[in-house]
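In case you want the letters, here they are:
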Protein chains: 2
Amino acid sequence: MRIALWQTVPVAADAGEGLARLRAVAHDAAGQGAALLVTPEMALTGYAIGCEACARLARPRGGEYHKAVAAIAREAGLAIAFGYPEAAGGGARNSAALISANGDTLADYAKTHLFDEIDRAQFLAGDALSPIVELEGWRVGLAICFDIEFPEVARALARAGAELILVPTANMEPYRSVPLRLVPARAEENGIYVAYANYTGAEGAIRYCARSCVAGPDGEDLARAGEGEALVVADLDRLAIVRRRAAIDYLGELRPALYRSTS
Amino acid sequence: MRIALWQTVPVAADAGEGLARLRAVAHDAAGQGAALLVTPEMALTGYAIGCEACARLARPRGGEYHKAVAAIAREAGLAIAFGYPEAAGGGARNSAALISANGDTLADYAKTHLFDEIDRAQFLAGDALSPIVELEGWRVGLAICFDIEFPEVARALARAGAELILVPTANMEPYRSVPLRLVPARAEENGIYVAYANYTGAEGAIRYCARSCVAGPDGEDLARAGEGEALVVADLDRLAIVRRRAAIDYLGELRPALYRSTS
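These remarks concern the structure in this document. (Residues numbered from 1 in each chain as written. Chains lettered and ligands numbered in written order. Predicted model: local features only at pLDDT ≥ 70, side-chain atom pairs only at ≥ 80, totals over all residues. Heavy atoms only, no water.)

1. Describing the overall build of chain A
Here is step 1 of the chain: The helix and strand tally for chain A stands at eight helices and 14 strands.
Here is step 2 of the chain: In terms of overall dimensions, chain A is globule-like: its C-alpha atoms have a radius of gyration of 17 Å, near the 18 Å expected for 263 residues.
Here is step 3 of the chain: The principal-axis extents of the C-alpha atoms in chain A amount to approximately 50 × 45 × 35 Å.
Here is step 4 of the chain: A total of 263 residues make up chain A; the buried ones form 62% of that total.
Here is step 5 of the chain: Roughly 8,700 Å² of accessible area belongs to chain A as shown, and the carbon and sulfur atoms make up 49% of that amount. (Helix = DSSP H or I, 4+ residues; strand = E, 2+ residues; numbered from the N terminus. Rg over C-alpha atoms; globule rule 2.2 N^0.38 Å. Buried < 20%, exposed > 50% of the residue type's maximum accessible area, 1.4 Å probe, protein only. Areas by Shrake-Rupley, 256 points an atom, 1.4 Å probe, with all protein chains shown as cover.)

2. Details of the sheet that holds strand β14 (residues 230-235) of chain B
Residues and elements named next belong to chain B.
Here is step 1 of the chain: Overall, mixed pairing links the six strands, which are arranged β5-β4-β3-β2-β1-β14 in an open sheet. Either end of the sheet is taken by a strand with one partner, and the two such strands are β5 (105-110) and β14. Taking each pair of neighbouring strands and ignoring which way they run, the sheet shows an average axis angle of 30°.
Here is step 2 of the chain: Sheet topology note: the strand β4 (residues 91-99)/β5 ladder contains five bridges and is antiparallel. Residue pairing in the sheet places Ser95 in a bridge with Ala110 of β5.
Here is step 3 of the chain: Where helix α3 (residues 64-76) meets the sheet, its contacts fall on β3 (79-88), β4 and β5, and the angle it forms with β3 comes to roughly 170°. (Pairing = 2+ DSSP bridges. Axes fitted to C-alpha atoms, helices over the stretch in contact; angles between N-to-C directions. Contact = heavy atoms within 4.5 Å.)

3. Concerning the pattern of salt bridges
Here is step 1 of the chain: Following the criterion strictly, the structure yields 40 salt bridges over all chains and no others.
Here is step 2 of the chain: A salt bridge links A:Arg186 to A:Glu189, with the nearest nitrogen and oxygen atoms 2.7 Å apart. Taken as a pair, A:Arg186 and A:Glu189 lie in helix α6 (residues 177-190) at a separation of three residues, close to a single helical turn.
Here is step 3 of the chain: Its relative accessible area of 0% is what places A:Arg186 among the buried residues.
Here is step 4 of the chain: Residues joined by salt bridges that share partners form a network here, namely A:Arg181, B:Glu188, B:Glu220 and B:Arg244. (Salt bridge = Lys/Arg side-chain N within 4 Å of Asp/Glu carboxyl O.)

4. Observations regarding the relation of the copies chain B and chain A
The operation relating the pair of chain copies consists of a rotation about an axis and a translation along that axis.
Here is step 1 of the chain: With an RMSD of 0.0 Å, the fit of chain B onto chain A corresponds to turning through 180° and sliding 0.0 Å along the axis. When the rotation and shift are considered jointly, the pair of chain copies conforms to a two-fold rotation axis.
Here is step 2 of the chain: By residue overlap, the copies meet face to face through one surface: 100% of the interface positions of chain B are interface positions in chain A. (Least-squares fit on C-alpha atoms with pLDDT ≥ 70 in both.)

5. As for the interface of chain B and chain A
Here is step 1 of the chain: Across the boundary between the two partners, chain B contributes 42 residues, which contact 42 residues of chain A.
Here is step 2 of the chain: In total, chain B and chain A occlude about 3,600 Å² of area from one another, counting both sides; carbon and sulfur atoms represent 58% of this.
Here is step 3 of the chain: One can count ten salt bridges joining chain B with chain A.
Here is step 4 of the chain: For the interface between chain B and chain A, the tally reads 24 residue pairs in polar contact (both at pLDDT 80 or more).
Here is step 5 of the chain: Listed by contribution, the elements that provide at least two residues to the side of chain B that touches chain A are α5 (151-159), α6 (177-190) and α8 (256-262) of chain B.
Here is step 6 of the chain: If you tally residues by element for the side of chain B that touches chain A, the top one is α6(B), at eight residues. (Buried area = accessible area lost by both parts, 1.4 Å probe. Polar contact = N/O pair within 3.5 Å; in protein donor to acceptor, adjacent residues only side chain to side chain.)

6. Here we look at the sheet that holds strand β2 (residues 36-38) of chain A
Residue and element names in this part refer to chain A.
Here is step 1 of the chain: Ordered by their spatial adjacency, six strands build an open sheet running β5-β4-β3-β2-β1-β14, and the pairing between neighbours is mixed. Two strands close off the open sheet at either side, each with one partner strand: β5 (105-110) and β14 (230-235). In this sheet, neighbouring strand axes are inclined to one another by 30° on average, regardless of whether the strands run parallel or antiparallel.
Here is step 2 of the chain: Where strand β3 (residues 79-88) and strand β4 (residues 91-99) come together, nine bridges link them in antiparallel fashion. If you follow Ala88 over to β4, its bridge partner there is Gly91.

7. Examining the packing of helix α5 (residues 151-159) of chain A against α6(A)
Residue and element names in this part refer to chain A.
Here is step 1 of the chain: It is at 10 Å that the axes of α5 and α6 come closest, and there the two elements cross at 35°. The chirality of how α5 crosses α6 is right-handed. Contacts between α5 and α6 involve Pro151, Ala154, Arg155 and Ala158 on the former and, on the latter, Arg186, Glu189 and Asn190.
Here is step 2 of the chain: When grouped by side-chain class, the residues that make up the contact of α5 with α6 number three nonpolar, one polar and three charged. (Left-handed = near helix turned anticlockwise from the far one by under 90°. Nonpolar A, V, L, I, M, F, W, Y, C, P; charged D, E, K, R; others polar.)

8. Observations concerning the layout of surface pockets
Here is step 1 of the chain: Estimates place the volume of the largest pocket at around 580 Å³.
Here is step 2 of the chain: What lines the largest pocket is a set of 20 residues, among which A:Glu152, A:Tyr259, B:Glu152, B:Tyr259 and B:Arg260 lie closest to the centre.
Here is step 3 of the chain: For the lining of the largest pocket, the elements supplying multiple residues, two or more each, are α5 and α8 (256-262) of chain A together with α5 and α8 of chain B. (1 Å grid on protein atoms, 1.4 Å probe; cavity = no way out; pocket = protein on both sides within 12 Å on 5 of 7 lines; lining within 4 Å. Points joined across faces, edges and corners; volume = space filled by probe spheres on them.)

9. Digging into empty space enclosed by the protein
Here is step 1 of the chain: Under the definition given, this model contains three cavities of 30 Å³ or more.
Here is step 2 of the chain: In this structure, the largest cavity encloses a volume near 90 Å³.
Here is step 3 of the chain: Along its surface, the largest cavity is lined by B:Tyr47, B:Lys111, B:Phe115, B:Asp119, B:Cys145, B:Phe146, B:Glu149, B:Ala170, B:Asn171, B:Met172 and B:Tyr175.
Here is step 4 of the chain: Split into classes, the residues belonging to the lining of the largest cavity amount to seven nonpolar, one polar and three charged.
Here is step 5 of the chain: Looking at the second largest cavity, its volume works out to about 70 Å³.
Here is step 6 of the chain: Lining of the second largest cavity is provided by A:Phe115, A:Cys145, A:Glu149, A:Ala170, A:Asn171, A:Met172, A:Tyr175, A:Val178, A:Tyr196 and B:Ile248.
Here is step 7 of the chain: Looking at side-chain class alone, the lining of the second largest cavity contains eight nonpolar, one polar and one charged residues.

Okay, structure coming up:
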């Protein structure tokens, strides 16, 4: 399966602009043969937009954002995992959805690990990890930014069958070690693919780390963006997962009773 | 606290030679001001020595190896974490012990995650993670080689209070990503120090990766050996842990109920 990550500058609390830019890049990705496009965190609106804009721009699961992205997915002919502010629980959650090329919603997920004051001021936390769903024969889960820094998240998704974790992110300086070390570690220690789609440029005082990547089941970069805007394309190979697990089967070698006894 | 890692070629199933070399390097490390010396996995005897040599050379906890290392520790005036074959359960375990500068045994641990056929042919697995013990005011745990590749091990030790994990290892090609990516990830994702003491050179068909390291609580190298024999010295700073956790408190942000629900 060929996938594409959209490394872009954030829009400024403008969902119309976010959707217009998504439409353009979806056609670009489809033109390059991608079956899936992954956006950064909150890509429809921008990430550091503040509490008031979050409340104003938040929409429910299955609402107008899902319908608009479904139309783009059908029109371009590829699946799309997109980030948006979700109206839920009387506030906004930091969410992502995976829409198939047919326009069906395959998965909805709200970020469960809020990062520092910037997340806590804007969002309510989700209360469950992502479902694992099938896309083009691949078992796929979602995580958002800070979530993937916790090994427990990728491990739980991998043990539930995920072969590929899609991670919309808004990873900022000075946390460059996340795309360069922790994301590849998550892929390696589970023998899966992790696709991490980050912003570039600035948003208020934030400077984004860029460096979006697809890490393979051996932890090595299958694709890696530099500093600027980019559409990162990578071809995933399920045999690479099989080969890796034949060499080192971290999931099979787990001894869960041991970890409970100490923690 | 200043610590030293002994990156060396393995001895050939000769505990007398292993102890003689340990004595020499312990004096060297103490002369450089180290309060603790960490050896590779099974350093007293060599690692890939075969089933028969393991059985012949295995000694119990508190037995002659502990007594001999205690004498070296007292003589040189520093603590020593050493690897050895442990006689237990009618076979050999792949074990490590931490001996204080006074010669007291502070911790005993048997490797819980056996690596592939080479470990399974030689060893029985341990049945508990390391205790956390105090050394020079630091809370310290042990792990051995393959153990540290599982994020659950470092997490359990860190949640039990470890600020420093000592890892005797026999990490071989082509698994260079372990010292270069996974070990630093364990330090970063827990906000702790990880000291990983590897062999260099060859042992039978095995070629060791060397690259022993001390990774700090931000995941960066505090010290890193190259390819050859080396005594790696690093000064640990508990304030670095405090500062890191003030920036990102991964342990405090855990949501254990979420991980159970999916796995």
